[in-house]
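# Secondary and tertiary structure notes
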Amino acid sequence: MVMTTTSLEASAQPDIDDLVPRRYQEEVYTKAQKGNIIAALNTGSGKTLISLLLIKWTAAQAHSRGKVIIFLVPKVALVEQQGNYLAKNTPLKVKKLHGALDLDLSDRPGWKNRFESYDVFVMTAQILVNFITHSLWSIDKISLLIFDECHHARKNHPYNTILREYFQVRPSSQRPKIFGMTASPIWNVREPLTSLSTLEANMNAKIVGVRDHVEELHKHSAKPLEVISEYPMPPEEYDYPSPTIHQTLQIIDNSVWDQLGIPWSNINMRYIYTFDNLGPYCASLFLYLEIQYHIEGFLVKNKGIMMEAMSDIGDMEVDVPIFRPSKKIPMGLYEVVDILADFQSFFPANHSSPTIPISIDLKWCTPKVRQLVDILKEYYTSNFQGIIFVEQRQVASALAKVLQVIPDLQGKINCAYLVGTGVNSDGVSKMTDRYAGDAIEMFRKHEINLLIATSVAEEGLDFHACDLVVRFDLLHHMVGYVQSRGRARKTASTFVVMIPQDDLTQLAKYESLQQSEPEVNRIYQTRHKDIDNSNSDDDDDETHPVDLSERERYVIPSTGAILTYDISLSLLNSLCSLVPRDSFTSAHVPKYEGDFQTTLHLPRALPLAPADLVYTGPFRRSKREARRAVAFLAVKRLLELDVFDGYLLPMSTEMKMDVNAPEMNSRTQNKVTNIPVMLTVSVRDPWCMGPKLWIHPIVIDGQTVAGLVTGTSLPLVEVMDGPLKVQLLGADPLHFEVDYEHQQRMAMEEFTRRGVWYTITSSPFQSSLSFYIVPVTANKRPDFEAMDRLLANPLGSSDWSRISETHYDQLTILNRQHFGRTYRLRRIRSDLSPLSAPLPGSREDSYPTYHEYWMVKWSKKTRQAIVPFHGPLLEVSILPRSNMALTSLDSLACPLVPSSVRNGALLPRDACVWIDMSFSVRKAFESLPVLCRRITDVYRACSARFELGLPLIPDKLVIEALTIPSAGFPYSNQRLETLGDAVLQVCTTVHLFNHYPNRHEGQLTQLRQKAVNNRYLLHRALDIGLERFLISEGPSVHKWRYTLADGLSHHYVQNDLPVRYVTREYPRRSLQDSMEAMLGAGFLAGGIEMALRTGTALGLEFGGLVPWHMRYPDNTMPTSISALFAGVEKNLGYQFRHNELLLEALTHPSFALTSEGPSYQRLEFLGDAILDLAVIKYLYDKFPDATSHQLAFPRTKAICAPSLASIAVRRLGLHKMMLVNSMDLSIAIDHYVPILESIPGEEIVRTGWKFDPPKALSDVFESVIGAVLLDSGYDYEKTAAVVEYIMEDVLEALSPSLAKDPISQLMEWTSGAGCRRSASFEKRTKNNDVWEREGIVVMVHSTVIIGPIVSGGLNVAKFIAAERALAILKDSGSEKSLARICDCATPMYCHGIPSMETLSIAGVESLIGNPLEELLEQDDVEKVEFILTQTEDPVITRQVQLESGVLNDHGNLIPH
């Protein structure tokens, strides 16, 4: 692409003149409005501004609604440049796409949302090819298609792939407008008409130039001054130190290079080229860095060999051997390393180092370099900016390093180089220096003033200030000539072409290009439409017209994805790259045989029939087309076999769940995006009022104490409230007297309000109630006379003449001086009066009379207490407020009941009143929070079971599954969620295993990840409406929550419908947790079969309700078991029916490569999930009080690779039966077998982190378990029994209190010591002269505590580093002890209470003991809150909450 003068630098502000189109730009723009055109204008003439005008015009057209504009560029750097320009100069939303996309191609909702959110997309062409192929977007949804540097639109370039699809759009009116931009429409100057006609035909566009305003065009796109600079030929010998590194390396035998994997012949060719072009030092520099790069790569790939061979292994003190592979270190490696060390002082340390340690003598350079130095000296100014174009990347790299240290240029030239990255086809590296990736920006910002570039910088990159361009290497074609010259944009800039002296051929070629350009421009500016359509270009990738006509194209009807020849090769490569493999198995790649008719062999690791692994394509006229043809056939067949999905995706590399994908769930309805973190939802609730009411008897310990009246017929409920057994019996309709219904409703409302006030909230409230508690008659009807007696004196009666000894322990008392607390009357003390002296040892003992004590205690700053002088005293006990609904899941188990503090008291009778409420009704009110909570929970559980279609899971399990942790109960759904997660994995795994028989383990694993991830579960929960049933309310009812919603009243007309929901707020994550917890509940209630029914009701893809043994029947005849595998049956305690399953389970992928059968990988996928569930279910049953974390941690210890490898070797002897075709793997296993055989299960659980056995050992154990499940007819219980039997000693060693690994210990210890900045682990390299080894360091407070620690693997090294770091941090004598380096662990105190101490029960009692009541009555909320934050004991927490009564319905402290 040729950038226009209107493009903006990142740091510059737009110039208004650059945004006003000139007349020649308007001329081209007008033509673009009328039809498809290719704007053929010189570099710097402003083509991008024309595209900007066309984008704005197109976006304003009515036919563009719902479509996007695509701006295509050939190179990544141009995406940023053009995207930034368009974003700055248009109000349209612009999105830039290139390289690794932030959204995976499988995330269809994400891409749909992105296409709907942006107007213009700037991208590289291959990305649009992928969008079209996988049906993420289509050509007919594009309104304008812009091709920058459109001369690439030929042959098999991605531009042309897109245009072939463009022609497939029917009718043609649905095709987008096309606008191409190029300065080089002719690539073949010998046949210019052919070049033009081919480009026009490919793009369905007409090439246009400026015809009416040519003078203005020339004025604003002036060409640079062109200068020929001739240089002498290089000398035969140089005055350079001998021997050179090249000469020294000649002693290395070619076999050594082969063993090291170093392409010496290719490197040598590039060395020679660099020597001839730049001279001996630059060539030696390239050779040194290149060999060093390959040696480092060899060491990384063969770390195990090197660690075994190296004598310096002081940082590798581990308790396990490092396996010794059969592959030995080539002895020549040491010679190569020594040679590199000898030359280390002459060259930079490595590729990333830009500094050359010595000064460069020009005698070490070719005359060509010396001529370049002279050119730079001649044109250098204080604001100099220049570009040098070279052909090969190593030339660019060497020049960029050398020019800066040549004495004549030091301090003047600061340069970088711009090339591609990676490794090219001949194995020569493409390493770049520290400027890689930002060299363009640094050049634009004048941080460097010279850029050495290959052809990557020829096209499109806009450098305003570039006033010198040097063509260092020879010109070959018109495109290179025009494009490289076009980088010289500055007024009076210079374009220097360097040509060898007396090279008449090169001089003639340059002059030919220079002279041909005007004629070439004239041709496309004046030509007519009728031109020759022949094509004589002979590019290697040219597709023969006959082959092109025979190409097929397949559109998948269900999705619109498009399969073409151009994409087939990459699809197969992507599929094979996803096949999992260990370090002992070679990479899985498709193999092609033959030339013009190709046979394709797919890797045996794909789980396909032999006939589906080999394909022979049709005859074609080029080798590459023959490969495309056979790849097309293979992909089409694999699509039929469901190896590719309907969008031609083998699977994504990073899972982004498409919640609406048809292959994942046919029931999907919810398409909500941007779900908030906190959900506000309407939750099912039984409490309501309506025209019809129901009365339910409340029975406590067998005695009917009251009736509960509400608008819902409630379920039968039984719950323990402390030692009391509370029951809610069946409902009866409540009938009112016709003329008194309103009064009777009001009486029940007010009676209930008073009862709640006196026993629960301690304060009045005005909201309308959603149910009533009423006294009942013998026939269980509301006792309105009893209600009227209370309501006659709602604030209590002071008529003590009616009170006798029969009321003792039955009467509720209120103190008018402290109205928020209620008491029970024990007896009337006529022997005492307010003027009596307090009893010795009582709390009032420090005052002369009770009267004086009460005056001090009850008086406030703003109110003097009124205390009578005469009358008897009342001996009372404090009635605790029943504002905590602490229940147990077991209806017959007592919940946590906080013990009370000392609660006896004496009160003056004449300062008190009594409440006319029977004590039995009082008991009903006291048990009300617990009863209401259980009713609500059971109602939601029943509603969920009915509305979701769940199977008959017991109420208590459903309640547990629906109760989220923030509710604050002793139980929540977290234990069930941990179990349900494993159930979800198993049920999904079995379904996928059978539903996709032709997909390999990598594909299945990623499909499973999609079907079990949190996003998928969240959407499934929303689909079925699970949010309506979650239990999020806390136990506190200090603020009465059972009221009608705002706007609702207890006054109902006949047709009003009751509202049975309330609004609640809880975290979004609660939904996915409850989904998994419900699966766990179903599994506990009825095993796998009920889990399948539960999952299906929840909308999960488990394959339906049919049990596995019926869904996947085994209709094959049993086969005899090979003698090789007889030991497996004996050790497992299980007798196999099918030998082929054992054969598959014990076949390593390296063996499968040369056999006809599959490897164990699919069975491993199955067994992995089975092991997870079997272990977590064992722990769930064994430790019923363990938290979810206490279950998950030992589970990981049991199923980690070292534990499973130990069982595979020690219990099953699988290492003796494995079929392996890798000598290195066999040796690695042999080295680990003695270690694993000698370690008991308890030790492997405790110290498994120290071991890193070959992964194949744990994999084969998992595959054998998978084989047991299949062989048993999918009998999970039998398979789980086998797992528990064979893992017996490992399982017995598990417990919630299992010792943590060193990393966990380090984190917990530092945190417990008060350090708020946790330890971190970083990868660091340990230098050892020439090579580097990767290790782990531990950092605390930016201080390196230990490291780098190097071991056989980074994971083991991390544990070792943590262990050593912890010892150092604990050592008070160490300079790096935590006490010395940590400054964030200073103890803090609040109200005299140390914040660093977690309070025990004794600590709380000593802290709050007797003065608790005074503390609470002083409303010292801050201190109460602090007490609650310092204790983790739920009994203590609830005790303080109960006694304080300072919790609102959100669990926050408030003054009472």
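Residues numbered from 1 in each chain as written. Predicted model: local features only at pLDDT ≥ 70, side-chain atom pairs only at ≥ 80, totals over all residues. Heavy atoms only, no water.

What follows concerns the packing of helix α32 (residues 1069–1097) against helix α37 (residues 1161–1182). Between α32 and α37, whose axes approach to 13 Å, the crossing angle comes to 145°. As α32 packs across α37, the resulting crossing turns out to be left-handed. Where α32 abuts α37, its residues F1083, L1084 and I1088 lie against L1173, K1177 and Y1180. (Axes fitted to C-alpha atoms, helices over the stretch in contact; angles between N-to-C directions. Helix = DSSP H or I, 4+ residues; strand = E, 2+ residues; numbered from the N terminus. Left-handed = near helix turned anticlockwise from the far one by under 90°. Contact = heavy atoms within 4.5 Å.)

Tracing the chain through its elements places T936 in helix α27 (residues 928–948). There is a polar contact of 2.9 Å between the side chain of T936 and the side chain of W687. Dropping the residues within four chain positions of it, T936 is found in contact with D685, P686, W687 and Y1042. (Polar contact = N/O pair within 3.5 Å; in protein donor to acceptor, adjacent residues only side chain to side chain.)

Taking 1.5 Å as the rise per residue, helix α38 (residues 1188–1199) with twelve residues should run 16 Å; its terminal C-alpha atoms sit 17 Å apart, in good agreement. Of all the positions in α38, only S1188, L1191, F1193, P1194, R1195, K1197 and A1198 are classed as buried. Along its buried surface, α38 packs onto α29 (974–995), α37, α39 (1201–1210), α41 (1241–1247), α44 (1288–1292) and α45 (1302–1312). (Expected span 1.5 Å × (residues − 1). Buried < 20%, exposed > 50% of the residue type's maximum accessible area, 1.4 Å probe, protein only.)

Bringing unusual backbone geometry into the picture now. A cis geometry characterises the amide bond from R170 onward to P171, with omega recorded as -5°. Position of P171 relative to the elements: it lies in the loop between α6 (158–166) and β6 (177–182). Of the consecutive residues S242 and P243, the connecting peptide bond is found in the cis state with omega at 0°. Structurally, P243 can be placed in the loop between β8 (225–231) and α9 (245–249). Unlike most non-glycine residues, E149 shows phi in positive territory, near 55°. Judged by its relative accessible area of 0%, E149 is buried.

Here the focus is the pairing of strand β2 (residues 68–73). In terms of residue burial, β2 counts as a mostly covered element, since six of its six residues are buried. Residues V68, I70 and L72 of β2 are buried on one face, and the alternating residues I69, F71 and V73, pointing to the opposite face, are buried as well. One ladder, built from five bridges, connects β2 with strand β4 (residues 120–124); its direction is parallel. If you follow F71 over to β4, its bridge partner there is V122. (Pairing = 2+ DSSP bridges.)

Interaxial distance between helix α5 (residues 125–133) and α6 falls to 8 Å at its minimum, and their mutual angle equals 35°. Of the two possible hands of crossing, α5 and α6 adopt the one that is left-handed. In this structure, α5 contributes A125, Q126, L128, V129 and I132 to the contact, and α6 contributes P158, Y159, T161, I162 and E165. Looking at the contact of α5 with α6, its residues break down into seven nonpolar, two polar and one charged. (Nonpolar A, V, L, I, M, F, W, Y, C, P; charged D, E, K, R; others polar.)

If you check helix α3 (residues 76–89), its first and last C-alpha atoms are 21 Å apart, about what 14 residues at 1.5 Å a residue would give, namely 20 Å. Among the structural elements, α2 (47–60), β2, β3 (94–97), β4, β5 (142–148) and α17 (439–444) are those in contact with the buried residues of α3.

So, on to the sheet that holds strand β18 (residues 614–616). Reading across the sheet, the three strands line up as β16-β17-β18 and stay open at both edges, with antiparallel pairing between neighbours. Two strands close off the open sheet at either side, each with one partner strand: β16 (591–593) and β18. For this sheet, the mean inter-axis angle between neighbouring strands, taken without regard to orientation, is 20°. Relative to β18, strand β17 (residues 599–601) runs antiparallel, the two being bridged by three bridges. In the sheet register, T599 faces β18, and the bridge partner there is T616. Packing against the sheet, helix α22 (residues 623–640) makes contact with β16, β17 and β18, and its axis sits at approximately 135° to β18.

Take the sheet that holds β3 next. The strand order across the open sheet formed by seven strands is β3-β4-β2-β5-β6-β1-β7, and the pairing between neighbours is parallel. For this open sheet the edge positions go to β3 and β7 (206–208), each flanked by a neighbour on one side alone. Each adjacent strand pair in this sheet contributes to an overall mean axis angle of 20°, direction not counted. Here β2 runs beside β5; their pairing, made up of five bridges, is parallel. By the bridge assignment, F71 is partnered in β5 with I146.

With respect to the helices, strands and loops of the structure, E750 is situated in helix α23 (residues 741–761). C-alpha separation for the pair E750 and Y772, spaced 22 residues apart in sequence, amounts to 8.9 Å.

All right, on to the pattern of salt bridges then. A complete count under the given rule lists 48 salt bridges for this structure. For E165, the salt bridge is made with R553, and the minimal N-O distance between the two is 2.6 Å. One end of the pair, E165, is in helix α6; the other, R553, is in strand β14 (residues 553–555), with 388 residues separating them in the sequence. Note on E165: relative accessible area 8%, which makes it buried. Residue R553 is classed as partly exposed on the basis of its relative accessible area of 32%. One salt bridge in this structure joins K377 and D408, with 3.4 Å as the shortest N-O distance. (Salt bridge = Lys/Arg side-chain N within 4 Å of Asp/Glu carboxyl O.)

This part covers the confidence of the model for the protein. Mean pLDDT over the protein: 83, with 84% of residues reaching 70 or higher. Note that pLDDT drops below 50 for residues 1385–1456; the model gives that stretch 112 contacts with residues more than four away or on any other chain. (pLDDT = per-residue confidence, 0-100.)

What follows is about the environment of F167. The residue F167 is located in the loop between α6 and β6 in this model. Accessibility expressed as a relative area gives 27% for F167, which makes it partly exposed. C-alpha separation for the pair F167 and N202, spaced 35 residues apart in sequence, amounts to 9.4 Å. Setting aside residues up to four positions removed in sequence, F167 forms contacts with R175, A201, N202 and N204.

With that settled, the discussion passes to the packing of aromatic side chains. Enumeration over the complete set of coordinates arrives at 35 aromatic pairs. Consider the rings of F115 and F131, whose centres lie 5.4 Å apart with planes at 80°: the pair is edge-to-face. Highlighted residues: F115 in helix α4 (residues 108–117) and F131 in helix α5, separated in sequence by 16 residues. Overall, the relative accessible area of 3% leaves F115 in the buried class. In this structure F131 comes out as buried when scored by relative accessible area, which is 0%. Three or more aromatic residues joined by ring pairs make a cluster, and in this case those are Y240, Y281, Y288, F343, F346, F347 and W364. (Phe/Tyr/Trp six-rings, centres within 6.5 Å; stacked < 30°, edge-to-face > 60°.)

All right, on to the side chain of E1076 then. The topology assignment puts E1076 in helix α32. For the buried residue E1076, which engages in no salt bridge, the nearest side chain bearing the opposite charge is R1069, 6.0 Å off. Apart from residues lying up to four places away in sequence, E1076 is in contact with L976, E977, G980, D981, L984 and L1017. (Lys, Arg positive; Asp, Glu negative; His and termini not counted.)

Further remarks concern the nonpolar core. By size, the foremost hydrophobic cluster in this structure holds 184 residues, and its most contacted members are W1040, W1108, L1132, L1173, F1261 and M1287. Those residues in contact with W1108, other than ones at most four positions away along the chain, are V986, C987, V990, I1088, L1092, Y1274 and Y1276. Listed in part, the 71 residues of the second largest apolar core include I127, L163, A605 and V630. (Core = buried A, V, L, I, M, F, W, Y, C linked by side-chain atoms within 4.5 Å.)

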